[in-house]
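Summary of structural features
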Amino acid sequence: MLLVYSGLIFLVYMQFAAGQNYKRNRTLCILIFLYLFLISAFKAIPASPDLISYDASFNRLPGWSYRRIWDGWRVEETVKDGVFYMLAKVFSEVGASSSVWMGFISLLFAAGASWFIFRNSAKPMLSLTLLLSLEYFQFTLSGLRQTMALSIVLLFSYEFILQRKPVHFIISLLVASLFHSSALAFLPAYIVAGWKLGWKQVVLVSVLLFIFFFFPDSIRSAIEALAWNDTIASYATRTKGLSWSGFVIQLCILVFCLFFRKDMKLNSQWRWLRIDAFINCMVIGLCLLVLSTQIAEMFRIAYYYTICCIAAVPNAVVENKRRENHSTMYIIIGACMIAYMLWSRAYFNLTFFWQV
């Protein structure tokens, strides 16, 4: 815990020292990369049931051939996301331990998150605070397959959306889906991101809420009909749901971005690049969080969409025409996120390898 919070305090200081300077922000993003990498790479495997399972799978790989992994994935369907384990086998064959393999995944996510922040956020430190309080501790420290998929989405897919390169976007998602098939759920993002903000977003959320409360069984039927593999189809049979807290938090973030969007001193094209595309993705994420209250696993798919709030919120602050409000908004949002981290005891139980 102390490593996480003391590192955060140091980076807050670095953000204030950097100001609005491109080169200094680049340096800060490099520090963010190192910070995220070290937190994840130093975590203790025995402290997490998921990591224990991944460790056991990795240690079985020397006795498996690539053909066996392929057959288990594509023929017998006993192996999920076989490319993940094929890449893991490469590490095992060169003599790397499971800790090194997991460290590589930590490196990949840290690169994806810091690159996304560098390319899209006007305030890297605020982005990091949002990431730590809302996204990072939820599953990226233990859900290794989806962490790899999300890393690819952050490194490439969002960039291809903003550059309007549909072929590149589809290819990047296909690659991400080889590590976790849920990445394919991000395919609609290319179309959704291009929407003009208006009533369609309100109608979409309202219709979904209406269906959720009055025709809940139809949601399970839709998931089963749209599922592209047995794993996703199995979501329709899950009975455990999450609380509404995630939905409420994301709704507040979305309302904040919409409220301050109108005061951004940008032309229409830059406004789309800096906030509108992200808001549209956040709307879809909000819809998925509604479904997660009935089917908990939907929150994993929502992550692909909601994680872009780490760019939308800082941009809404920095690009606001009322410059006298910038520092106040920045401090209030940052303080609220840190307070939420402390209240939710995020990282309090995080154990590093030297503690076991």
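What you see is a predicted model; the values in this text were computed from it and never measured. (Residues numbered from 1 in each chain as written. Predicted model: local features only at pLDDT ≥ 70, side-chain atom pairs only at ≥ 80, totals over all residues. Heavy atoms only, no water.)

Examining the layout of surface pockets
- Counted as a void, the largest pocket has a volume near 560 Å³.
- Lining the largest pocket are 22 residues, with Ile223, Leu226, Leu288, Leu291 and Met298 sitting closest to its centre.
- Listed by contribution, the elements that provide at least two residues to the lining of the largest pocket are helix 11 (199–214), helix 12 (216–226), helix 15 (268–292) and helix 16 (298–306).
- It is helix 12 that contributes the most residues to the lining of the largest pocket, 5 residues altogether.
- Taken together, the residues of the lining of the largest pocket sort by class into 21 nonpolar, 1 polar and no charged. (1 Å grid on protein atoms, 1.4 Å probe; cavity = no way out; pocket = protein on both sides within 12 Å on 5 of 7 lines; lining within 4 Å. Points joined across faces, edges and corners; volume = space filled by probe spheres on them. Helix = DSSP H or I, 4+ residues; strand = E, 2+ residues; numbered from the N terminus. Nonpolar A, V, L, I, M, F, W, Y, C, P; charged D, E, K, R; others polar.)

Comments concerning the packing of aromatic side chains
- All chains considered together, the criterion is met by 32 aromatic pairs.
- Ring geometry for Phe84 and Tyr85: centres 5.0 Å apart, planes at 85 degrees, overall edge-to-face. The same class applies to Phe84 as to Tyr85, namely buried.
- For the pair Phe213 and Trp244, a centre-to-centre distance of 5.9 Å together with 10 degrees between the ring planes defines the contact as stacked. In this pair, Phe213 is assigned in helix 11 and Trp244 in the loop between helix 13 (230–234) and helix 14 (245–261), connecting sequence segments 31 residues apart.
- Classification of Trp244 as partly exposed rests on a relative accessible area of 32%.
- A cation over an aromatic ring shows up here: Lys123 above the ring of Tyr330, its NZ or CZ 4.9 Å from the ring centre.
- The ring centre of Tyr190 lies 4.1 Å from the NZ or CZ of Arg164, which sits over that ring. (Phe/Tyr/Trp six-rings, centres within 6.5 Å; stacked < 30°, edge-to-face > 60°. Buried < 20%, exposed > 50% of the residue type's maximum accessible area, 1.4 Å probe, protein only. Lys NZ or Arg CZ within 6 Å of the ring centre and 35° of its normal.)

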